[in-house]
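A closer look at the structure
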Amino acid sequence: MSYISELNPSQSEAVQHITGPSMVIAGAGSGKTRVLTYRIAYMMEHGVDPFEVMALTFTNKAAREMKERIGSIVGESESKNITMGTFHSVFSRILRYNSNRLGYPSNFTIYDTQDARSLLKAIIKEQNLDDKVYKPAAVMGRISSAKNSLVSPESYAANSEILLEDQQARRPETARLYKLYADRCFKAGAMDFDDLLYQTNVLLRDHPDVLAHYQHKFKYILVDEYQDTNYAQYLIVKKLAAVFENICVVGDDAQSIYSFRGANIQNILNFRRDYPDYKLYKLEQNYRSTKNIVEAANSVIRRNQDQIEKKVWTDNVDGKKINVIRAMTDNEEGKVIVNKIYDLSQNEGLDFSDFAILYRTNKQSRSFEESLRKLNIPYKIFGGLSFYQRKEIKDLLAYFRLATNPKDEEALKRIINYPKRGIGKTTIDNIIIGANQHGTSIWDIVSDPTHYNVPLPAGAWNKIGQFVTMMKSFQAELGKLNAYDMAQTIARSSGILKELYSEKDKGVEEVERYQNIEQLLSGIKEFTVSQAESGNHYLPDFLMDVALLTDADQATDDKNYVTLMTIHSSKGLEYPHVYLVGMEENLFPSQMVLNTRSELEEERRLFYVAVTRAKTTCTLSYATSRFIFGQLTSSEPSRFITEVDEQYLQFESVARPGGRSLNSSGFDRNFSGGLNRPMSNLKPLAPSDASASNSSKPSNGGSSNLDLKVGYNVEHDRFGKGKVTGIEGTGNDKKATIFFPKNGSKTVLLRFANLKIIED
DNA sequence: CCAGTACTTAGGTTG
DNA sequence: TAAGTACTGG
């Protein structure tokens, strides 16, 4: 228990408070993670069974790291038995275990944002609603906040206040769309991210025995980043803790930045109400940052009205003032900041991992990325499109998903005609109509066409039949082959591997795509090996929470890189040198928050979070103009710069047109210094367009009257030589499916294709 | 059916 | 700028 002596008095008290409710208000950099880890370790050393502990963190990465640290104190064999993870991952497991109570399959799919949006979009189309009015994102936002406030489709439709809001937004059909969307998800055996919390609430509300079971299993509950929990999360925790009330929540109201996701600072106030005899601990000493940084951040956050009284202070050195840099354009901002990083790393012999570039919006990463590439500085961008969201990865995962859960509608739609099988849009639309009429899933229709009598041409049924047979063969092997063998089998027999392989010599992006698939497969291999012992080494096990993984969860061997991420994803992290870029009005604070005080205050808290990530130096930068939607738009410095008490700031501007930069190192990296010359783009050189200037063939009716048979060798203008594998249709609709060794399998209309029969 | 092109429109943060 | 959709020619 030597570690207790490392703690200050309030940390130590918080760590040793095990029984009964407690709340820890932890200022930025006040050793919150340390308190959490030591508290759990302390509990276990005092006889608490790790199986009885549930710790909810904000990211999977935080959970993993905390588990490791606890393991190093009490031993891994103990720490691994703690239930620890994000709300989403912990409760998705609980939901799988109890799925039958809710009528879901245990291998239900988790729809990510893409899947959910695409389904909603499809429903809006099916309902013949104008998607200019019923913008999928807007409708989804309504559905999402309904779920986060535990409003069911039925109570949504019965709530006059909500209906009025929708009416005023000119989207009166939203209630109906919510219902349709929820039904479709259910029929597809799918939950979206919000469902994981919503359905957990349903489970605990409607099944008292289940609730009682988990109340007694998890006698000790900890919640990190409590200020960012929403109502659905709040209620789950409240219910689970109701019997023993051994609940500890940790948070900082000054760092609440997720209200757009339904997070509610009121949860902190509710805590006092729900547990009147709770004990409050305040961690106010900052161990992370210099005095300048702490004071600068304090001077800004002071302006917020809504906050819990506290005084964050530090014993650390004064440190450097916060440097404020002005650049002329966003491109120049990228160059200047990257040069600063380069110079500092060289002059002081620092690792690149000592640096982070933080911004308000993901798209700001571009100019920094370009500059970092030019100087060959290793970097990693977090957020944006994650590995698991890339097209090729999602395609293959869709096969896995459909094999695991055949009702998964989004997966089916994604792959039924990929690689191309000649199953067209009209066919799929008709099947969906049939599925809706029969109130069943798409899979039910395609796998049992005789039962549901959906009118389709015989040719279409034939192709669908082949697809169904293939999927069934995968399903039959799911429990026999381990995840890796299964994934290999699917990648090969589905034709995906071949498809991507054949495109490999087309360009850099195609090569990357193929490599991504290889990377996914080797990841599955790793998973299979590591899970072999537990017996959970099948493909559905792997699939269980891939939807919940983010970039931050990807293991990287080489850690010496500059970090680029949004301020939101930097929460909880720290770096010696932080560059907070794009400090401009309408960007940060975002243009969209200027209407209400509470939104502006949240933006200010975001600034507070950003500044307090820095340990040694913090640099702010802004550009006086930047490209927005391809248009050069002028911009003004952010109000947050002027809100910092001047004594903590130091201004510097660079690269006036015609002048020299203030580049201290003497490296002249030639700032473009003006509005000229966009950076050369990084795409591979476009292929010479010799092939593009298609010699226009005379349209002699193509080859529709050609006497083509399966097995013939033919030549196509664009695809080259190939072999006919199928013929269908007559007259103008006569089509041939041809396998081209160079281009894969294609179906072409003979009317247009202008095929020539050739000898072997 | 396929693929290239013209056109439109994007509010931002995440598990 | 960039992505996604609608259109069009083969």
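Criteria and thresholds
- Residues numbered from 1 in each chain as written.
- Chains lettered and ligands numbered in written order.
- Predicted model: local features only at pLDDT ≥ 70, side-chain atom pairs only at ≥ 80, totals over all residues.
- Heavy atoms only, no water.
- Near = heavy atom within 4 Å.
- Polar contact = N/O pair within 3.5 Å; in protein donor to acceptor, adjacent residues only side chain to side chain.
- Helix = DSSP H or I, 4+ residues; strand = E, 2+ residues; numbered from the N terminus.
- Nonpolar A, V, L, I, M, F, W, Y, C, P; charged D, E, K, R; others polar.
- Core = buried A, V, L, I, M, F, W, Y, C linked by side-chain atoms within 4.5 Å.
- Buried < 20%, exposed > 50% of the residue type's maximum accessible area, 1.4 Å probe, protein only.
- Contact = heavy atoms within 4.5 Å.
- Pairing = 2+ DSSP bridges.
- Axes fitted to C-alpha atoms, helices over the stretch in contact; angles between N-to-C directions.
- 1 Å grid on protein atoms, 1.4 Å probe; cavity = no way out; pocket = protein on both sides within 12 Å on 5 of 7 lines; lining within 4 Å.
- Points joined across faces, edges and corners; volume = space filled by probe spheres on them.
- Expected span 1.5 Å × (residues − 1).
- Arc of directions from axis to C-beta.
- Parallel < 35°, antiparallel > 145°, perpendicular 65-115°, else oblique.
- pLDDT = per-residue confidence, 0-100.
- Phe/Tyr/Trp six-rings, centres within 6.5 Å; stacked < 30°, edge-to-face > 60°.

Near DNA strand B there are 31 residues, and of these Arg261, Arg360, Asn362, Lys420 and Arg718 occur at the shortest range. Taken together, the sugar and phosphate atoms account for 51% of what DNA strand B places within 4 Å of the protein. Between DNA strand B and the protein, one listed contact pairs a base oxygen with a side-chain N or O atom of arginine 261 at 3.3 Å. Every element with two or more residues in the surface near DNA strand B is listed here: helix 12 (193–206) and strand 23 (744–749). Per-element accounting of the surface near DNA strand B gives the leading share, 3 residues, to strand 23. Of the residues that constitute the surface near DNA strand B, the class distribution is 9 nonpolar, 11 polar and 11 charged.

Right, let's talk about the protein's contact with DNA strand C for a bit. For DNA strand C, the full set of nearby residues is Lys121, Phe629, Gly630 and Phe752. Among atoms of DNA strand C positioned within 4 Å of the protein, sugar and phosphate together represent 22%. Take phenylalanine 629: an N or O atom from its main chain is 3.3 Å from a base oxygen of DNA strand C. Class assignment of the residues belonging to the surface near DNA strand C gives a composition of 2 nonpolar, 1 polar and 1 charged.

In terms of nonpolar packing, the biggest core is built from 64 residues, with Met54, Phe91, Tyr181 and Leu240 touching the most fellow members. In this view, leucine 240 contacts Met54, Phe91, Leu204, Leu211, Tyr214, Gln215 and Ile221; residues no more than four positions away in its chain are not counted. Counting 55 residues, the second-largest nonpolar core is a separate cluster that includes Trp461, Tyr514, Phe542 and Val546.

Sheet architecture is open: 6 strands sit in the order 3-2-6-7-1-8, paired in parallel fashion. Both edges of this open sheet fall to strand 3 (83–86) and strand 8 (279–283), since each of them pairs with a single strand only. For this sheet, the mean inter-axis angle between neighbouring strands, taken without regard to orientation, is 15 degrees. Relative to strand 8, strand 1 (residues 22–26) runs parallel, the two being bridged by 5 bridges. Considered in strand 8, the bridge of serine 22 is made with lysine 279. Against the sheet, helix 3 (residues 60–74) contacts strand 2 (53–57) and strand 3, and its axis sits at roughly 150 degrees relative to strand 3.

Turning to empty space enclosed by the protein, a few remarks are in order. Throughout the structure, instances matching the rule amount to 3 cavities of 30 Å³ or more. When its volume is computed, the largest cavity comes out at roughly 70 Å³. Lining of the largest cavity is provided by Arg184, Lys187, Ala188, Lys407, Glu409, Ile432, Ala435, Asn436, Thr440, Ser441 and Ile442. Among the elements of the structure, helix 11 (174–187) and helix 21 (425–438) are those that each provide at least two residues to the lining of the largest cavity. Considered class by class, the residues forming the lining of the largest cavity number 4 nonpolar, 3 polar and 4 charged.

Moving on: helix 3. Its 15 residues give helix 3 an end-to-end C-alpha distance of 21 Å, which sits within 8% of 21 Å, the value for a rise of 1.5 Å per residue. Along helix 3, the residues classified as buried are Asn60, Ala63, Met66, Ile70 and Gly71. Along helix 3, the residues classed as buried sweep out an arc of 140 degrees about the axis, all on the same side. What points out from helix 3, more than 90 degrees from its buried face, is the exposed set Glu68 and Ser72. Residues of helix 3 that are buried make contact with helix 2 (32–45), strand 2, helix 4 (76–79), strand 3 and helix 5 (87–97).

Here helix 16 (residues 291–301) crosses helix 29 (residues 597–611) at 175 degrees, and the two axes come no closer than 9 Å. Comparing the axis directions of helix 16 and helix 29 gives the class roughly antiparallel. Across the interface between the two elements, Ile293, Ala297, Asn298, Val300 and Ile301 of helix 16 pack against Arg604, Arg605, Phe607, Tyr608 and Val611 of helix 29. Split by residue class, the contact of helix 16 with helix 29 holds 7 nonpolar, 1 polar and 2 charged.

Taking 1.5 Å as the rise per residue, helix 17 (residues 330–348) with 19 residues should run 27 Å; its terminal C-alpha atoms sit 27 Å apart, in good agreement. Across the 19 residues of helix 17, 15 count as buried, placing the element largely inside the fold. Once helix 17 finishes, glycine 349 follows within two positions and takes phi at roughly 60 degrees, a positive value.

Across chain A, pLDDT averages 87, with 91% of residues at or above 70. Confidence, expressed as mean pLDDT per element, reaches its minimum in chain A at strand 23 with 72 and its maximum at helix 13 (residues 208–217) with 98. Predicted confidence for residues 655–701 stays below pLDDT 50, and this span has 56 contacts to residues more than four positions away or in other chains.

With that settled, consider the packing of aromatic side chains. Counting across every chain of the model gives 19 aromatic pairs. Centre to centre, the rings of tyrosine 214 and phenylalanine 218 are 6.1 Å apart; their planes meet at 10 degrees, and the pair counts as stacked. Both residues of the pair, tyrosine 214 and phenylalanine 218, belong to the buried class. Judged by centre distance (6.3 Å) and plane angle (50 degrees), the rings of phenylalanine 382 and tyrosine 561 are tilted. Here the residue phenylalanine 382 occupies a position in the loop between strand 13 (379–381) and helix 19 (391–404), and tyrosine 561 occupies one in the loop between helix 28 (539–543) and strand 14 (562–566), the gap between them amounting to 179 residues. Each member of the pair, phenylalanine 382 together with tyrosine 561, is buried. Members of the aromatic cluster, joined through ring pairs, are Tyr226, Phe271, Tyr275 and Tyr278.

Further remarks concern the side chain of serine 299. Within the element layout of this structure, serine 299 appears in helix 16. Judged by relative accessible area, which is 7%, serine 299 ranks as buried. Within polar-contact distance, the side chain of serine 299 engages the backbone nitrogen of aspartate 645 at 3.1 Å. Beyond its immediate sequence surroundings of up to four residues, serine 299 is in contact with Glu643, Val644, Asp645 and Tyr648.

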